[in-house]
Amino acid sequence: MARQTERRIWNKAAECMDREQLRELQSERLRAVVQREYENVPMYRERMQAKGLTPFDIRTVDDLRYLPFTEKTDLRDQYPYGLFAAPRQEIVRIQGSSGTTGKPIVAGYTARDIENWSEMVARAVTAAGGTNESIIQVTYGYGLFTGGLGLHQGASKVGAQVIPMSSGNTARQLMMMEDLGTNILCCTPSYALFLGETLRENGVNPKERLQMKAGIFGAEPWTEEMRQRIEELFEIDALDIYGLTEIAGPGVAFECLEKHGMHVNEDHVIPEIIDPVTEEPLPYGSKGELVFTTITKEGMPMLRYRTHDICQLDATPCACGRTFVRMARITGRTDDMLIIRGVNVFPSQIESVLVNVKGVAPHYMLVVDRVNATDQLEVQVEVTEEAFSDTVSGMERLTREIQEKLKSVIGLSARIKLVAPKTIPRSEGKAKRIVDNRKL
Ligand code: AMP
Ligand code: ZN
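K.L.:
Which parts of the structure should I look at to understand the site of ligand 1?
P.N.:
In the region of ligand 1, 19 residues are neighbours, and Ser97, Asp240, Ile241, Thr245 and Asp309 sit closest. Here a nitrogen atom of ligand 1 sits 3.2 Å away from a polar atom, N or O, in the main chain of glutamate 220. Within the side chain of arginine 333, one N or O atom sits 3.3 Å away from an oxygen atom of ligand 1. When ligand 1 sits alone it has 500 Å² of accessible area, and the protein chains cover 95% of it. Its residues assigned to classes, the shell around ligand 1 shows nine nonpolar, five polar and five charged.

Right, here's the structure in full:
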């Protein structure tokens, strides 16, 4: 959409910093965070010692490559507080996300961490044209998920009028959008598409009845085609925002109105691209796995966190004037994590539920689809010979039990399809358990 809003930059001194100066700032902050981890987090101290490293060996960003990696499983193993690097009295917030099995992963923030995270999101809001005159509707979920509170804090920092809608209730979302005169909508791209389609089905012409100018959409992968469609439906600029709980939440990177990749907030995080197999760092422009080191976080800093998201970094100058590198859209993952309705789901989580249900065998298939712009998950699972001969009401009880247990572990409702014993195809190699029919 060409309807461009006034181009402001939230923090020019940081966002347009000379890259040499940025490198120095990053090196200084990296030294401090490595020291902090070494002193406060036994896991990091032990891993550095195992590599024969002391904090004094890490002098500049070039030394980053010597540091150990961090994986999501480390957050699971150290759950809940093992990776915290600040004393309990300084932690003012917990946020969380899905882990690889039953337990979530949690992140702790100090007051300064919340300040910095808000600053990162404020930059994204400003890049989308948000000011203290804006009315911003936050339709990401509020709670442990970082989306709702993250966008809320960033929009508040800009001084906008924030409407904390949280997710769901489409009719009410659209009513508030119209009545209150929302200018910027923040939600997942798939929900934006659904809202837009519903709006048009209701015969609303956004030019006449809405005040919408932009959208800040993220938390799941989307495409240029989806962008175009959302922009047409609402007549807005639709911008991408990226983040993850382990690093801060949304706002790790954000798109400017050039719509040519997301600027990484490099004064707070250092991005790297690595070859996911050899784990060697790759130069800018190569496609690989994105890795982040946080350099200002106090509560739960991360050294070389492997996101398993696949993308590219671009360090060429951007027409907007920001000097931070841009990351391309996420094109895939190096693991089997699915994002369903904005929620991270690992097949291993589902498996951990199924193995604990009497009457089903651990043979299952996950079928994901997108109906009316909404993701649907179907779990097909084999029942045991014994349960198979049960009554209809017995089967219904089993279905309900799985549904409830799954809901409590992955936080999503799934359709459960019980199938006869030995009907899920057996594989000779790696089991293929996922059929993703979504056309992104
Ligand atoms: P969570 O910690 O629950 O917010 O999940 C973080 C993950 O969501 C990331 O590692 C990505 O896989 C995905 N994600 C977040 N934002 C985006 C985005 N803009 N595009 C694609 N994937 C995203
Ligand atoms: Zn830019």
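K.L.:
How should a nonpolar patch on the surface be read in this particular structure?
P.N.:
Taken together, the side chains of Tyr81, Ile94 and Leu144 make up a nonpolar region of the molecular surface, amounting to roughly 270 Å² of accessible area. Assignment of secondary structure puts isoleucine 94 in strand β1 (residues 91-97).

K.L.:
How should I be thinking about the packing of aromatic side chains in this particular structure?
P.N.:
The geometry of two aromatic rings is summed up by the distance between their centres and the angle between their planes. Counted under the stated rule, the structure contains six aromatic pairs. Look at tyrosine 191 and phenylalanine 194: their rings are 6.3 Å apart centre to centre, the planes differ by 35°, and that puts the pair in the tilted class. Residue tyrosine 191 and its partner phenylalanine 194 are both found in helix α8 (residues 189-201); the two are separated by three residues, about one turn of the helix. Cation over ring: arginine 88 sits above tyrosine 81, and NZ or CZ is 4.2 Å from the ring centre. The side chain of lysine 297 reaches across the aromatic face of tyrosine 109, ending 5.4 Å from its centre.

K.L.:
What should I look at first to understand the domain arrangement of the protein in this one?
P.N.:
How big an interface is tends to be expressed through the accessible area that disappears when the partners come together. Partitioning the protein into domains gives domain 1 (1-333) and domain 2 (338-439). Measuring from the centre of the C-alpha atoms in domain 1 to the corresponding centre in domain 2 gives 31 Å. In this complex, domain 1 contributes 16 residues to the contact, which on the side of domain 2 involves 15 residues. Interface area for domain 1 against domain 2, summed over the two sides, is near 1,100 Å², with a carbon-plus-sulfur share of 54%. Counting the surface domain 1 buries against domain 2, the share from its top three residues, Ser98, Thr100 and Phe194, is 31%. Scanning the region where domain 1 abuts domain 2 turns up zero salt bridges. Counting every contact that joins domain 1 to domain 2 gives three residue pairs in polar contact (both at pLDDT 80 or more). Looking at the side of domain 1 that touches domain 2, the element that brings in the most residues is α8, giving four residues. Taken together, the residues of the side of domain 1 that touches domain 2 sort by class into five nonpolar, eight polar and three charged.

K.L.:
Would you explain the coordination of the zinc ion (ligand 2) in this entry?
P.N.:
Expected angles at a metal are 109.5 degrees for tetrahedral coordination by four donors and either 90 or 180 degrees for octahedral coordination by six donors. Coordination sphere of the zinc ion (ligand 2), protein contribution only: Cys256 (SG), His263 (NE2), Cys318 (SG) and Cys320 (SG), at 2.1 to 2.3 Å. Angles of 102 to 116° at the metal separate the four donor atoms of the zinc ion (ligand 2), which places the site in the tetrahedral class. In primary sequence terms, the donor set of the zinc ion (ligand 2) follows C-x6-H-x54-C-x1-C. With a gap of 57 residues between them, histidine 263 in strand β9 (residues 262-264) and cysteine 320 in the loop between β14 (313-314) and β15 (326-327) connect regions that are remote in the sequence. For histidine 263, a relative accessible area of 0% translates into the label buried.

K.L.:
Quick question: what am I supposed to make of the sheet that holds strand β12 (residues 288-294) here?
P.N.:
Picture the strands of a sheet paired through backbone hydrogen bonds; they go either parallel or antiparallel. Taken in spatial order, the five strands of this open sheet run β11-β10-β12-β13-β16, and their pairing is antiparallel. Two strands in the sheet have a free side with no partner beyond their single neighbour: β11 (281-282) and β16 (332-333). Bridging between strand β10 (residues 269-274) and β12 involves six bridges; their strand directions are antiparallel. Note on β12: the bridge partner recorded for glutamate 272 is valine 291.

K.L.:
Please explain helix α3 (residues 42-50) as it appears in this structure.
P.N.:
Residues that lie three or four places apart on an α-helix share one face, since the helix turns once every 3.6 residues. Looking at α3, one finds that the buried residues are Met43, Tyr44 and Met48. Looking straight down α3, one finds its buried side chains confined to an arc of 125°; they lie on one side. What points out from α3, more than 90 degrees from its buried face, is the exposed set Glu46 and Ala50. The elements touched by buried residues of α3 are α2 (19-40) and α4 (72-77). Of the residues trailing α3, glycine 52 is marked for its positive phi of about 70°.

K.L.:
Would you mind showing me how to read the packing of helix α7 (residues 170-180) against α8 here?
P.N.:
The description of two packed helices rests on the angle between their axes and on the distance between the axes. It is at 10 Å that the axes of α7 and α8 come closest, and there the two elements cross at 75°. Relative to α8, the element α7 lies roughly perpendicular. Where α7 approaches α8, its residues Thr170, Gln173 and Leu174 are matched on the opposing element by Tyr191, Phe194, Leu195, Thr198 and Leu199. Classifying every residue of the contact of α7 with α8 gives five nonpolar, three polar and no charged.

K.L.:
How should the state of the cysteines be read in this particular structure?
P.N.:
Put plainly, a disulfide is one covalent bond tying together the sulfur atoms of two cysteines. Enumeration over the complete set of coordinates arrives at zero disulfides. Cysteine cysteine 16 remains unbridged, with the sulfur of cysteine 320 as its closest cysteine sulfur at 6.9 Å.

K.L.:
Help me out: how do you make sense of the packing of α2 against α3 in this one?
P.N.:
α3 packs onto α2 with a crossing angle of 105° between their chain directions and a minimal axis gap of 5 Å. Relative to α3, the element α2 lies roughly perpendicular. In this structure, α2 contributes Val34, Glu37, Tyr38, Glu39 and Asn40 to the contact, and α3 contributes Pro42, Tyr44, Arg45, Met48 and Gln49. A breakdown of the residues in the contact of α2 with α3 according to their chemical character gives five nonpolar, two polar and three charged.

K.L.:
Just checking my understanding: could you explain the sheet that holds strand β21 (residues 415-419) for this structure?
P.N.:
One open sheet accounts for four strands, arranged β21-β20-β19-β22; its pairing is mixed. Looking along the sheet, the strands with just one partner apiece sit at the ends: β21 and β22 (434-436). Recorded for the sheet is a direction-independent mean angle of 20° between the axes of neighbouring strands. Across the sheet, helix α13 (residues 392-410) lies against β19 (360-371), β20 (374-383) and β21, angled at about 135° from β21, the strand it touches most.

Definitions and cut-offs
Residues numbered from 1 in each chain as written. Chains lettered and ligands numbered in written order. Predicted model: local features only at pLDDT ≥ 70, side-chain atom pairs only at ≥ 80, totals over all residues. Heavy atoms only, no water. Near = heavy atom within 4 Å. Polar contact = N/O pair within 3.5 Å; in protein donor to acceptor, adjacent residues only side chain to side chain. Areas by Shrake-Rupley, 256 points an atom, 1.4 Å probe, with all protein chains shown as cover. Nonpolar A, V, L, I, M, F, W, Y, C, P; charged D, E, K, R; others polar. Patch = residues over 30% accessible without salt bridge, like charges linked within 9 Å, V, L, I, M, F, W, Y side chains within 5 Å. Salt bridge = Lys/Arg side-chain N within 4 Å of Asp/Glu carboxyl O. Helix = DSSP H or I, 4+ residues; strand = E, 2+ residues; numbered from the N terminus. Phe/Tyr/Trp six-rings, centres within 6.5 Å; stacked < 30°, edge-to-face > 60°. Lys NZ or Arg CZ within 6 Å of the ring centre and 35° of its normal. Domains from an automatic or database assignment. Contact = heavy atoms within 4.5 Å. Buried area = accessible area lost by both parts, 1.4 Å probe. Donors = N, O, S within 2.8 Å, 3.2 Å for Na, K, Ca; no water. Tetrahedral: all angles 85-135°; square planar, octahedral: opposite > 155°, others 65-115°. Buried < 20%, exposed > 50% of the residue type's maximum accessible area, 1.4 Å probe, protein only. Pairing = 2+ DSSP bridges. Arc of directions from axis to C-beta. Axes fitted to C-alpha atoms, helices over the stretch in contact; angles between N-to-C directions. Parallel < 35°, antiparallel > 145°, perpendicular 65-115°, else oblique. Disulfide = S-S within 2.5 Å.

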